[in-house]
Structure formats: C-alpha cells, structure tokens
Amino acid sequence: MTRKRSTRLVHGRSGGRLSKTVNPPIERASTLMMQDIDALYSASPSYGRMGLAVHRELEDGLCMLENAAAARLAPSGLAACALAIASTVKAGDHILVSDNVYGPTRRFCTRRLRTMGVTATFFPATDASALRTLVQDTTVAIYLESPGSLTFDICDTPAIVDFARTRNITTIMDNTWGCGVLHRPLDIGVDLSVQALTKYVVGHADAFGGAVMSQTSREDQRVKQTAEDWGISLGPDDAYLCLRGLRTLSQRMQAHQSGGRSVAAWMANHPAVSHIFHPGFADHPQHALWQRDFTGSNGLFGAVLAPMTDAARQAFYDALDLFGFGFSWGGFESLLIPADPGLKRDPSHWVNHLDGELIRLHVGLEDPEDLIEDLDNAFKAAAKA
C-alpha cells in the first residue's frame, strides 16, 4: 500500500536508531570521535558541520516532500538561494532571473555575483518568450520564483524548462510559496528547487533554515561541493525545529489555504480594496497556470488598497490588532506589510495600474472570522480619519 504524503511526513523516521524518542535527539557537536585512526579520513560524517541524525532525517523528509534525489541544508532561505545559484556559475557566466524574485535574492544577483564576475539579466516573470531574446552564449542558469512573494505573478515553468533544455541551461526555482505541498517543481523538470524552511516548514516563526533539492545526483554534487567550499551548514537546533514543523506541514497548509481564501474573498468585495492578487482566484491573470501546476494555495496574498489620505492610511494600520507588522511569513501568526517599498521591479515588467497602496497579507492559524473583523475595524477607522 502506498501511503499518503502527510502520513509519510509524520512517520518518516530513520530506521536502526537505538533512541526511543519520536524525533531524533539534538546532537550538538563539532568534533566527532572516531573508533580508530583508520576511520579518521574515511568516516562520513567526519565533522559536526556535515550534520548528524537530525539533519539526515530532515533531508530525507524534504526529498520525500519535493520528490528529490537529494537535499542540502543551509542556515537560511537566502543562503539556500545563494547556494543554488553559486553552484551553477563561474566567472564570465550569465544568468537570467525572473523579475519578481525575493528582494535579498535580487540583491545577491546584482551585488554579490558582480564581484564574482557573473552578470544577471532580469526578465518579465510572466513572459517566457522574452528568454529567447535575452539568452546569451554564456547563460548557464535561469532562476525563477513562482508565485512572486509580493506580486504573486506565476511563471510558465514548463515552457521555460523546455527552452532551457534546448540550451543546456540549469533551471532553479524558489519554491517557498509552494513548499512541496502545493507545488513540486522537480516533477515538471526544474533542476533545483529551493525553499526557505524558515517559512512554512518551520511554521512557528522561531527558527531559520533553507534547503536546495536536486533532481539528479549530478546537480546535487555541484551543490554539495559549493556548500563544502563555503562552509554552509545548518545548526542542529534549527534542523530539529525544521523537522518538527515538517511533521505537521500538510495539515497546517490546509488551514492556511482555507483561511487565506476566506480573508481574500472578503477583502475582494470591500469598497476600500481596489484589487486582490491571489493566484487561486479566477480573475488572477495566470490563474490557468496555477490550476495546471499547483494543487492549492496558502495564506499569502496581496491587495491594493483604494486611494486614501495619509491620515486614513495611518488610522488603518493603527487600528489593526490581530495582524502584526513583521517581515517573513509562514508562521501561525497573521502578518501585514506595505509592499510598495519592497518592490524592485522594472516598471515595464510589472506595473500596478491601480492607484492605491500594495499590501501583503499572511493569514495565519487564527479564526478567519476574527481576522476579517480585525480588518473591518481597521477600514472603519480609516473611513473616520
């Protein structure tokens, strides 16, 4: 009998352990003592940085989650994004990057890669055909984020993968939004799938982590060697918290999806909201791509507020009680941020034709009715300002 994914996430424990704990014990170790001198240079792992039992179990769970050949851990989502990109490039190379990527990833591509002799060109996330005019003889990788975490536009990933294969170009996707439950990029031909485990995998806003999942052993070896050369690793305590969150990921995603859709649907009908950016809604420009490539949605979406005065906008934010103000998302708590300051887009690639302010909301695990009441109270306060 083939067990369902949520069951395998709960029961995916390594065999042969003497410990009777449900999860593997946290082993805080730098030095590993070998049984004899011959094992010193042949044992694996030979040093704590390479990870121990909790790391191996987390890697196994992530491989099952994303249907990957291998997973490599990193101390944060940004570190995982940088690791995936760096594993594919050398001085003189060029990469193509979808213009909707996470801001720090964009910064890595424009600032750090430049010092390494690598150039990056950004292309409209929703226009796969643009790649044909932007690709260069030195292009070695195409980096995608789908949906974008501020504007929620979706790439035509299969079309991009098909194009990349004709040029022997590696494809990389930031799959934090899809988190392996809603989307499996490797199944549609992407070479490397990246996640910020900090978000939905951890799920409790109390740990950092990142991972790069590979489709084949060849890609994994490149990622592994880059991680070894840069000394990239994940601490045992954070690895434990990532693994703990992985056990309940499927169930939490159902709640985030249900709550997110309820709050977004309410906002879509509110006169103080001009537009909703939610790929699961039929009026989303790439809704058909979402239906084809994804199995669901989560608690993260965008909204454009109707034009209001500065005083009304401030009153709206001041009146919010359940929605906190903080970066990141994926935890049990609901969050809201003004998103316009974070947009680093070419205006020709994504234009907000609506006059109001773009905000991003993450619907946590609170009762959706309470969150709707919180937003309603905030809109009423804005109307009185």
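Residues numbered from 1 in each chain as written. Predicted model: local features only at pLDDT ≥ 70, side-chain atom pairs only at ≥ 80, totals over all residues. Heavy atoms only, no water.

Asker: Please give an account of the side chain of T176 that cites residues and values.
Answerer: Residue placement: T176 occurs in the loop between β5 (170-174) and β6 (192-196). Since its relative accessible area comes to 7%, T176 is described here as buried. Leave out the neighbours within four places in its chain, and T176 touches V194, Q195, A196, K199, Y200 and W329. (Helix = DSSP H or I, 4+ residues; strand = E, 2+ residues; numbered from the N terminus. Buried < 20%, exposed > 50% of the residue type's maximum accessible area, 1.4 Å probe, protein only. Contact = heavy atoms within 4.5 Å.)

Asker: Please give an account of the sheet that holds strand β3 (residues 119-123) that cites residues and values.
Answerer: One open sheet holds the seven strands; their spatial order is β1-β7-β6-β5-β4-β2-β3, and the pairing between them is mixed. In this open sheet, the two edge strands, each paired with only one partner strand, are β1 (70-74) and β3. With strand direction ignored, the average angle separating the axes of adjacent strands in the sheet is 20°. Relative to β6, β5 runs parallel, the two sharing three bridges. Bridge pairing links M173 to S193 in β6. Where helix α2 (residues 53-66) meets the sheet, it contacts β1, β6 and β7 (210-214), and its direction lies at approximately 125° from that of β1. (Pairing = 2+ DSSP bridges. Axes fitted to C-alpha atoms, helices over the stretch in contact; angles between N-to-C directions.)

Asker: Quick rundown of a negative patch on the surface? Include the residues and the values.
Answerer: Together, D367, E369, D370 and E373 give the surface a local cluster of negative charge. Structurally, D370 can be placed in helix α12 (residues 368-384). (Patch = residues over 30% accessible without salt bridge, like charges linked within 9 Å, V, L, I, M, F, W, Y side chains within 5 Å. Areas by Shrake-Rupley, 256 points an atom, 1.4 Å probe, with all protein chains shown as cover. Salt bridge = Lys/Arg side-chain N within 4 Å of Asp/Glu carboxyl O. Lys, Arg positive; Asp, Glu negative; His and termini not counted. Charge placed at Lys NZ, Arg CZ, Asp CG, Glu CD.)

Asker: Could you give me a rundown of the sheet that holds strand β10 (residues 335-338), with the residues and numbers involved?
Answerer: Spatially, four strands are ordered β8-β9-β11-β10 in an open sheet, and the strand pairing comes out antiparallel. Single-partner strands in this sheet number two, and they are β8 (273-277) and β10. Each adjacent strand pair in this sheet contributes to an overall mean axis angle of 25°, direction not counted. Pairing of strand β9 (residues 300-305) with strand β11 (residues 358-362) involves five bridges; the strand directions are antiparallel. Along β11, the bridge assignment pairs V304 with L358. Packing of helix α9 (residues 249-268) onto the sheet brings it into contact with β8, β9 and β11, and relative to β9 it is tilted by some 10°.

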